[in-house]
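# Structural overview
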Amino acid sequence: MGGWPCHILEFRTPQKATWVPASRIRPWASSRDPPGSSERRARGAGCSGLPTFHGALSLQVRLQVQSVEKPQYRGTLHCFRSIIKQESVLGLYKGLGSPLMGLTFINAVVFGVQGNTLRALGRDSPLNQFLAGAAAGAIQCVVCCPMELAKTRLQLQDAGAARAYRGSLDCLAQTYRREGLRGVNRGMVATLLRETPSFGVYFLAYDVLTRALGCEPGDRLLVPKLLLAGGTAGIASWLSTYPVDVVKSRLQADGLRGAPRYRGILDCVRQSYQAEGWRVFTRGLASTLLRAFPVNAATFATVTVVLTYVRGEEARPEGEAVPAAPAAAAAAAPSLAQPSSL
């Protein structure tokens, strides 16, 4: 994958201070990897939390798009109970096939583009962290938008014999036959407006938190710290652009049950605000945040731990023993300075 700048640690000795690089807790962007190698390893790890928490995503979409004139659900808990009662537990997992198909590729693209963009920018700074994450978020929209269109429509379709789509691919195929390429990419602009800044916030928040928590290799609390940093970064990312996600969901579900209502993003915002007030842009937020923390904690921690382990194995030739640390380095280790400041 791309080149993630090394964490600079200062080894102080009685004679002089010298600067040497050490790996950071973001190994998907190590400069030691050839381009593309870490993306391939990140694919499986990137979906680690998806199946378990997909049900919360179903609650989010249904709450976002329900009609204000005839609301079906009074809140997150009522929505959950209604789905279980009417459709069984399987109702929570409608549309799971679509993100499962696309998420492995999306995670590979996101971590790969982010690392390569940061290397191209040449300096690890908060602004560059945000820009690299934003670039990754924008590029993955090409896959994300059709994937979420299929997921949204599958989650909202009627159960049983009345269902319109047999699965994700059938949904996209029918949409393409009726509406063409434009229909498959419905909500693309809203997706770009959501994903570009939110992924910038995502990677920036993770970077700030791992620095603040002192995440370094060998820390016995490393995994809990990574889980906390990843989960918090996910919550910050969702909070930064959640109203745009509500608009995106409404645009993608528009016309599914009756005639289309919205002429575009601004018209959707205007009609939604006039009908329901500002609270409409927070619909489904509770279920989203309940899902965001564990899913993103699992994603970042799994990718980080797996890639750190794999890279450590690759760096050591087979059968070669781990060399003992020189006495001077061992003596200097206790006086390692903190990571370079933001």
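Check the entry above for the structure.
Worth saying up front: this structure is predicted, and the values here are computed from it rather than measured. (Residues numbered from 1 in each chain as written. Predicted model: local features only at pLDDT ≥ 70, side-chain atom pairs only at ≥ 80, totals over all residues. Heavy atoms only, no water.)

### Quick word on the packing of aromatic side chains
A complete count under the given rule lists 4 aromatic pairs for this structure. A centroid spacing of 5.8 Å and a plane angle of 85° characterise the contact between Phe-111 and Phe-203, whose relative ring orientation is edge-to-face. Of this pair, Phe-111 sits in helix H4 (residues 97-121) while Phe-203 sits in helix H8 (residues 188-213); the two residues are 92 residues apart in sequence, bridging distant segments of the chain. As far as burial versus exposure is concerned, Phe-111 and Phe-203 are alike and both buried. With centroids separated by 5.6 Å and ring planes inclined at 90°, the aromatic side chains of Phe-199 and Tyr-202 adopt a geometry described as edge-to-face. Highlighted residues: Phe-199 and Tyr-202, both in helix H8, separated by 3 residues, approximately one helical turn. (Phe/Tyr/Trp six-rings, centres within 6.5 Å; stacked < 30°, edge-to-face > 60°. Helix = DSSP H or I, 4+ residues; strand = E, 2+ residues; numbered from the N terminus. Buried < 20%, exposed > 50% of the residue type's maximum accessible area, 1.4 Å probe, protein only.)

### Regarding the packing of helix H6 (residues 141-156) against helix H7 (residues 168-184)
Taken N-terminus to C-terminus, the directions of H6 and H7 make an angle of 120°; their axes are 10 Å apart at the nearest point. As the angle between them shows, H6 and H7 are arranged oblique. For the pair H6 and H7, the crossing hand works out as right-handed. Each of Pro-146, Leu-149, Ala-150, Arg-153 and Leu-154 in H6 lies in contact with H7, whose residues at this interface are Ser-168, Cys-171, Leu-172, Thr-175, Arg-178, Glu-179, Gly-183 and Val-184. (Axes fitted to C-alpha atoms, helices over the stretch in contact; angles between N-to-C directions. Parallel < 35°, antiparallel > 145°, perpendicular 65-115°, else oblique. Left-handed = near helix turned anticlockwise from the far one by under 90°. Contact = heavy atoms within 4.5 Å.)

### A word on the pattern of salt bridges
Pairing of side chains with opposite charge becomes possible as their charged atoms draw close. Evaluated as defined, the whole model comprises 14 salt bridges. We note a salt bridge from Glu-148 to Lys-248, for which the minimum N-O separation is 2.4 Å. Residue Glu-148 is located in helix H6, and its partner Lys-248 is located in helix H9 (residues 222-253); the two are separated by 100 residues in the primary sequence. Owing to a relative accessible area of 10%, Glu-148 belongs among the buried residues under this scheme. Within the structure, one salt-bridge network assembled from shared partners comprises Glu-148, Arg-194, Glu-195, Asp-245 and Lys-248. (Salt bridge = Lys/Arg side-chain N within 4 Å of Asp/Glu carboxyl O.)

### Some points on the nonpolar core
One finds Val-110, Tyr-202, Phe-203, Tyr-206, Leu-226 and Phe-300 to be the most contacted residues of the largest nonpolar core, which totals 22 residues. Every element with two or more residues in this core is listed here: H4, H6, H8, H9 and helix H11 (285-315). Ranked by size, the runner-up nonpolar core spans 7 residues in total, among them Val-247, Leu-251, Tyr-262 and Val-280. (Core = buried A, V, L, I, M, F, W, Y, C linked by side-chain atoms within 4.5 Å.)

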